[in-house]
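# Coordinate analysis (summary)
Here is what each chain is made of, one letter per residue.
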Amino acid sequence: MSVGHVGRAIEESGIPTATVMVRAFEHRARELKMPRALIVKHPMGRPLGAAGDTTRQHEVLRAVFELLESATGNGTVVEFPESYRPRPLNA
Amino acid sequence: MGDHEQNESFEAFRKSLSYGSRNDLNFKFFKGMSDEQVASFLQDLLHKLGDAYDTGDVLPLIEAAYEAQAEGYSPEPDAPPPRNSFEEGPFTPLEKAIANSTVGMLTTSGHFVAGDDPMPFGEASLTQEDAVNRINEFLREIPLLSEIPSDTPTSDLRVRHGGYDIRSAVRDPNVTFPIDRLREVQARGGVRRLASTFFSFPGATSQGRLRSELPGWVERIHEEEIDVMLLVPV
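This structure is a prediction, so every number in the text was calculated from the model and none was measured. (Residues numbered from 1 in each chain as written. Chains lettered and ligands numbered in written order. Predicted model: local features only at pLDDT ≥ 70, side-chain atom pairs only at ≥ 80, totals over all residues. Heavy atoms only, no water.)

## Points about the overall build of chain A
Here is the rule: In this description a helix means any DSSP run of H or I spanning at least four residues, a strand means any run of E spanning at least two, and both kinds are numbered starting from the N terminus. Each residue's exposure class comes from its accessible area (1.4 Å probe, protein chains only) as a fraction of the maximum for that residue type: buried when under 20%, exposed when over 50%, partly exposed otherwise. Note on definitions: a residue-residue contact is assigned when non-hydrogen atoms from the two residues lie within 4.5 Å. The accessible surface values rely on the Shrake-Rupley method and a 1.4 Å probe; as for residues, cover is taken only from the protein chains in view.
When its secondary structure is counted, chain A shows three helices and three strands. By residue count, 64% of the 91 residues in chain A fall in the buried class. Here the contacts in chain A between residues at least 6 apart in sequence split such that 57% fall between residues at least 24 apart. Here chain A has roughly 3,000 Å² of accessible surface; of this, 45% comes from carbon and sulfur atoms.

## Here we look at a nonpolar patch on the surface
Selection criterion: To count toward a patch, a residue needs a relative accessible area over 30% and no salt bridge; like charges are then connected within 9 Å, while nonpolar side chains (Val, Leu, Ile, Met, Phe, Trp, Tyr) are connected within 5 Å. Salt bridges are identified by distance alone: a Lys or Arg side-chain nitrogen within 4 Å of an Asp or Glu carboxyl oxygen.
Residues Leu46, Leu49 and Tyr53 of chain B make up a contiguous nonpolar surface patch of about 350 Å² in total accessible area. With respect to the helices and strands, the residue Leu46 of chain B is situated in helix 2 (residues 35-55).

## Some words on the domain arrangement of chain B
All names here are of chain B. This is how it is decided: An automatic or database domain assignment supplies the start and end points of every domain. A 1.4 Å probe defines the accessible area here, and the buried area is the portion of it lost by two parts on being joined, summed over both. By the criterion applied in these results, polar contacts are pairs of N or O atoms within 3.5 Å in which, for protein atoms, one can donate a hydrogen and the other can accept it, and in which residues neighboring in sequence qualify only through two side-chain atoms. Residues are sorted three ways: Asp, Glu, Lys and Arg are charged, Ala, Val, Leu, Ile, Met, Phe, Trp, Tyr, Cys and Pro are nonpolar, and all the rest, Gly among them, are polar.
According to the domain assignment, chain B contains domain 1 (10-73) and domain 2 (98-232). Contacts between the two partners involve five residues from domain 1, matched on the other side by eight residues from domain 2. Looking only at domain 1, the three residues that lose the most surface to domain 2 are Tyr19, Leu25 and Asn26, adding up to 81% of its buried area. The interface formed by domain 1 and domain 2 contains zero salt bridges. At the junction of domain 1 and domain 2, the tally comes to three residue pairs in polar contact (both at pLDDT 80 or more). Each residue belonging to the side of domain 1 that touches domain 2 can be placed in one class, and the counts come to two nonpolar, two polar and one charged.

## Re the environment of Val64 of chain A
With respect to the helices and strands, Val64 of chain A occurs in helix 3 (residues 54-70). Distance from Val64 of chain A to Pro81 of chain A, taken between C-alpha atoms, is 12 Å for residues 17 residues apart in sequence. Among residues more than four places away in sequence, those in contact with Val64 of chain A are Ala18, Val20 and Leu38 of chain A together with Leu230 of chain B.

## Looking at the nonpolar core
Which entries qualify depends on this criterion: We call a set of buried Ala, Val, Leu, Ile, Met, Phe, Trp, Tyr and Cys residues a nonpolar core when their side-chain atoms join them within 4.5 Å.
By size, the foremost hydrophobic cluster in this structure holds 57 residues, and its most contacted members are Ile10 and Phe65 of chain A together with Leu106 of chain B. Examining the composition of this core, we find that seven residues originate from one element, helix 3 of chain A, more than from any other. If we ignore the near neighbours within four places in the chain, the residues touching Ile10 of chain A are Ile15 and Thr17 of chain A together with Leu106, Val218, Ile221, Met229 and Leu231 of chain B. Residues Leu17, Phe30, Val38 and Ala65 of chain B belong to the second largest nonpolar core, which totals twelve residues.

## With respect to helix 3 (residues 59-73) of chain B
The following threshold applies: Expected helix span is computed as 1.5 Å times (number of residues minus one).
When the terminal C-alpha atoms of helix 3 of chain B are compared, their 21 Å separation across 15 residues agrees well with the 21 Å that a helix rising 1.5 Å per residue should span. Within the span of helix 3 of chain B, buried status applies to Leu61, Ala64, Ala65, Tyr66, Ala68, Gln69 and Ala70 of chain B. On its buried face, helix 3 of chain B sits against strand 2 (36-41) of chain A together with helix 2 of chain B.

## Topic: the pairing of strand 1 (residues 102-107) of chain B
Residue and element names in this part refer to chain B. Rules: Strand pairing is assigned whenever DSSP detects at least two bridges linking the two strands.
Of all six residues making up strand 1, six are buried, and the element is well covered by its neighbours. Here strand 1 shows no split at all, with Thr102, Gly104 and Leu106 on one side and Val103, Met105 and Thr107 on the other all buried. Where strand 1 meets strand 5 (residues 193-194), two bridges bridge the pair, whose relative direction is parallel. Looking at strand 5, one finds that Thr102 is bridged to Arg193. Bridging between strand 1 and strand 7 (residues 228-232) involves five bridges; their strand directions are parallel. The partner of Val103 across the bridge, within strand 7, is Val228. As defined by bridge partners, strand 1 adjoins strand 6 (residues 197-200) across two bridges and the pair is classed as parallel. The partner of Leu106 across the bridge, within strand 6, is Phe199.

## Some words on the interface of chain A and chain B
In this complex, chain A contributes 59 residues to the contact, which on the side of chain B involves 63 residues. Across the chain A to chain B interface the summed buried area is about 5,300 Å²; carbon plus sulfur atoms make up 67%. For the pair chain A and chain B, the number of links is one salt bridge. Measuring nitrogen to oxygen at the nearest pair gives 3.3 Å for the salt bridge that ties Arg23 of chain A to Glu67 of chain B. Between chain A and chain B we count 25 residue pairs in polar contact (both at pLDDT 80 or more) in total. Elements supplying a minimum of two residues to the side of chain A that touches chain B: helix 1 (2-12), strand 1 (17-22), helix 2 (26-31), strand 2 and helix 3 of chain A. The element best represented in the side of chain A that touches chain B is helix 1 of chain A, accounting for ten residues. Each residue belonging to the side of chain A that touches chain B can be placed in one class, and the counts come to 29 nonpolar, 18 polar and twelve charged.

## Remarks on helix 1 of chain A
Counting buried positions along helix 1 of chain A yields ten of eleven residues, so the element is predominantly enclosed. For helix 1 of chain A, the full list of buried residues reads Ser2, Val3, Gly4, His5, Val6, Gly7, Arg8, Ala9, Ile10 and Glu11 of chain A. Buried residues along helix 1 of chain A sit against strand 1 and strand 2 of chain A together with strand 1, helix 8 (207-222) and strand 7 of chain B. Immediately downstream of helix 1 of chain A, the backbone of Gly14 of chain A shows phi near 105°, a positive value.

In structure tokens form, the structure reads like this:
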């Protein structure tokens with residue numbers, strides 16, 4: 001999985017990384033020993049949430065920033081607690 | 001029956017959703033499941049649709065599809081570790097709070113700025129349909145990293161990636177490239193600064209050629225003087 005190689009290279013170069021991944025890829029986060037992974041219970045292609053769901057998108061960003069601040073070692077995998085929800089664009 | 005064999009097998013049907021005659025990137029995982037698993041999933045989905053006729057609530061359908069997708073991508077419990085799995089990994093501790101940090105972003109979503117097409121295979125104006133049809137070529141090709149100024153208007157973003165259903169990202173780029181959301185976080189002081197440039201490439205690419213590109217990419221990323229990097233794969 002491309003992000004694993006990219007993340008390792010950036011982290012090794014001295015920049016902390018955190019990755020937002022849908023649950024379908026959770027096993028890859030563990031196999032690739034990604035430094036910090038936030039697992040979201042969203043369908044593939046919608047890691048931040050549904051189109052137009054700005055609230056959820058902000059919640060995911062907040063969670064990944066919290067993960068960046070709290071992780072103390074490689075391979076920290078945290079699950080975002082909320083389930084996916086669709087959101088009409090005009091809502 | 002259209003173009004399909006009159007006595008098409010169920011196996012042929014489920015595999016046709018993975019870059020076949022019925023390609024559907026949301027359900028290409030059918031290819032890796034058994035006939036019985038896909039049949040059970042479809043039966044359950046239709047049953048839930050029967051409920052939705054009355055309730056109007058499609059969430060149970062979405063949840064069933066989500067669960068099947070997560071299961072479809074999970075390895076068998078006794079599967080050997082895949083190539084590119086690691087026992088150890090790097091870890092760089094944070095030096096300062098996120099609110100005092102400069103934040104970068106790199107996604108494998110295949111975004112680029114209108115007028116700055118990375119031109120895979122040297123070809124201009126490749127469509128999403130082209131990218132899907134040529135997925136095997138992409139998987140052998142050198143990855144092209146697009147630079148996206150972090151003040152790019154969302155309406156100027158384009159997306160192309162033969163590996164996932166981009167419809168959601170077309171409706172709202174923030175689902176795979178949360179540029180507006182990061183700008184909003186920065187505007188209210190949640191982060192000190194955003195990188196002047198974000199990055200994206202289609203993750204469906206040659207892994208070996210990607211690794212060869214990485215030293216140059218990392219050097220370019222360091223020019224952004226970021227404190228942390230947000231990564232979004234699709």
